[in-house]
Amino acid sequence: MLNGSNASLDTESNGSDCAFCMRTEISYILKETPNFLLAADHAPLVEGHILIIPKQHYACYGEVPAKLDAELFSLKQEVQRFFTHCYAPVVFWEHGIFKQTVFHAHLHCFPWGISGYDLDNNLHNLIVSSQSNIRQWYTSQGHYFYMEDSNGALLFAPEMDRYLGIVKNVFWRGIASRGGKVEWRSPQQRYEEGAPLIKAMIDKWCSFQEQGADHVNQSSLR
Ligand SMILES: [Zn+2]
Ligand SMILES: [Zn+2]
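Residues numbered from 1 in each chain as written. Chains lettered and ligands numbered in written order. Predicted model: local features only at pLDDT ≥ 70, side-chain atom pairs only at ≥ 80, totals over all residues. Heavy atoms only, no water.

Participant: Mind showing me how you'd approach the packing of aromatic side chains here?
Facilitator: Remark: the centre distance and the inter-plane angle together describe each pair of aromatic rings, the angle taken between the planes. Counted according to the given criterion, the structure contains 18 aromatic pairs. Pairing tryptophan 112 with phenylalanine 171 gives two aromatic rings, centres 5.1 Å apart and planes at 75 degrees, and the pair type is edge-to-face. One end of the pair, tryptophan 112, is in the loop between strand S5 (107–110) and strand S6 (126–128); the other, phenylalanine 171, is in helix H3 (residues 160–177), and 59 residues separate them in sequence. According to the relative accessible area criterion, tryptophan 112 is buried, its value standing at 3%. Ring geometry for phenylalanine 145 and tyrosine 163: centres 5.4 Å apart, planes at 85 degrees, overall edge-to-face. With phenylalanine 145 in strand S7 (residues 145–149) and tyrosine 163 in helix H3, the pair connects residues that are 18 residues apart, well separated along the chain. For phenylalanine 145, a relative accessible area of 0% corresponds to the buried category. Looking at tyrosine 163, the relative accessible area reads 12%, which means it is buried. (Phe/Tyr/Trp six-rings, centres within 6.5 Å; stacked < 30°, edge-to-face > 60°. Helix = DSSP H or I, 4+ residues; strand = E, 2+ residues; numbered from the N terminus. Buried < 20%, exposed > 50% of the residue type's maximum accessible area, 1.4 Å probe, protein only.)

Participant: How should H3 be read in this particular structure?
Facilitator: Residues separated by three or four positions in an α-helix point in the same direction, a consequence of the helix having 3.6 residues per turn. Between the first and last C-alpha of H3 there are 24 Å, a value that for 18 residues agrees with the 26 Å anticipated at 1.5 Å per step. Within H3, the full set of buried residues consists of Arg162, Tyr163, Gly165, Ile166, Val167, Val170, Phe171, Gly174 and Ile175. Just downstream of H3 lies glycine 179, where phi reads positive at about 70 degrees. (Expected span 1.5 Å × (residues − 1).)

Participant: Which parts of the structure should I look at to understand the coordination of the zinc ion (ligand 1)?
Facilitator: Each angle at a metal carrying four tetrahedral donors should ideally be 109.5 degrees, and each at a metal carrying six octahedral donors should ideally be 90 or 180 degrees. Every protein donor of the zinc ion (ligand 1) is listed here as Cys18 (SG), Cys21 (SG), His57 (ND1) and His104 (ND1), and their distances to the metal cover 2.0 to 2.3 Å. One can describe the donor arrangement at the zinc ion (ligand 1) as tetrahedral, given that its 4 donor atoms subtend angles of 103 to 117 degrees at the metal. Read from N- to C-terminus, the donor residues coordinating the zinc ion (ligand 1) fall into the pattern C-x2-C-x35-H-x46-H. One end of the pair, cysteine 18, is in the segment before strand S1 (28–32); the other, histidine 104, is in the loop between strand S4 (91–94) and S5, and 86 residues separate them in sequence. Per residue, the accessibility class of cysteine 18 equals that of histidine 104, and both read buried. (Donors = N, O, S within 2.8 Å, 3.2 Å for Na, K, Ca; no water. Tetrahedral: all angles 85-135°; square planar, octahedral: opposite > 155°, others 65-115°.)

Participant: Just checking my understanding: could you explain the pattern of salt bridges for this structure?
Facilitator: Here the idea is simple: oppositely charged side chains can pair when their charged atoms come close. Using the criterion set out here, one finds 9 salt bridges in the structure. A salt bridge links glutamate 148 to lysine 76, with the shortest nitrogen-to-oxygen separation between them at 2.7 Å. With a gap of 72 residues between them, glutamate 148 in strand S7 and lysine 76 in helix H1 (residues 69–86) connect regions that are remote in the sequence. Each member of the pair, glutamate 148 as well as lysine 76, is classed as buried. (Salt bridge = Lys/Arg side-chain N within 4 Å of Asp/Glu carboxyl O.)

Participant: Would you mind showing me how to read the coordination of the zinc ion (ligand 2) here?
Facilitator: Those protein atoms acting as donors to the zinc ion (ligand 2) are His95 (NE2), His106 (NE2) and His108 (NE2), and they sit at 2.1 to 2.2 Å. Exposure remark for histidine 108: the relative accessible area of 7% places this residue in the buried category.

Participant: What exactly am I supposed to notice about the environment of alanine 157 here?
Facilitator: Within the fold, alanine 157 resides in the loop between strand S8 (152–156) and H3. Distance in space between the C-alpha atoms of alanine 157 and cysteine 109 is 20 Å, their sequence separation being 48 residues. In this structure alanine 157 touches Asn125, Trp137, Phe145 and Arg162, once residues within four positions along its chain are discounted. (Contact = heavy atoms within 4.5 Å.)

Shown next as structure tokens:
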């Protein structure tokens, strides 16, 4: 359903059949906050592929309430610091409900530097300045997909042309920038090949956390 005045009606779930509510498709949790999980994607496209997942069941971030915005923002900043330190700046990506494989809101985080998307391509429908822009779109227009890098945040209508344009311009470029495989692979293949990538990312995350703790200790000694 692309037309969304009642877009959330078809995605309601009590969570018992949801892979993220049940945590069956969450391989490793890097961090847990009151309302979110920061987790390794279990079928990573590249090393460093992380998800920000609200603990409660929402269909997409267009449905996540404003009271969670500050917590989400600070987790995004933490991912940004981690990626900038260990990889390259973050590109955030959300399917919305369009092309979702797990029907529970999740924000993908990729260490791709910049998206490389050119505003002149005109594939986007909205320049986003806050989460409320996403909620407004979802309420009034329904489905969407979303991309953000240090140059800004964009929302796209859920149309195949736009989607494939982004996959071609942003995903292939991003995956190649991390030395990843740019040919199409099934989630099963990514899952099987992903274990060493997840392991390497967890190691970097742990040492990043330790360095952060050292830094705090040092500054509190002064
Ligand atoms: Zn769920
Ligand atoms: Zn996804």
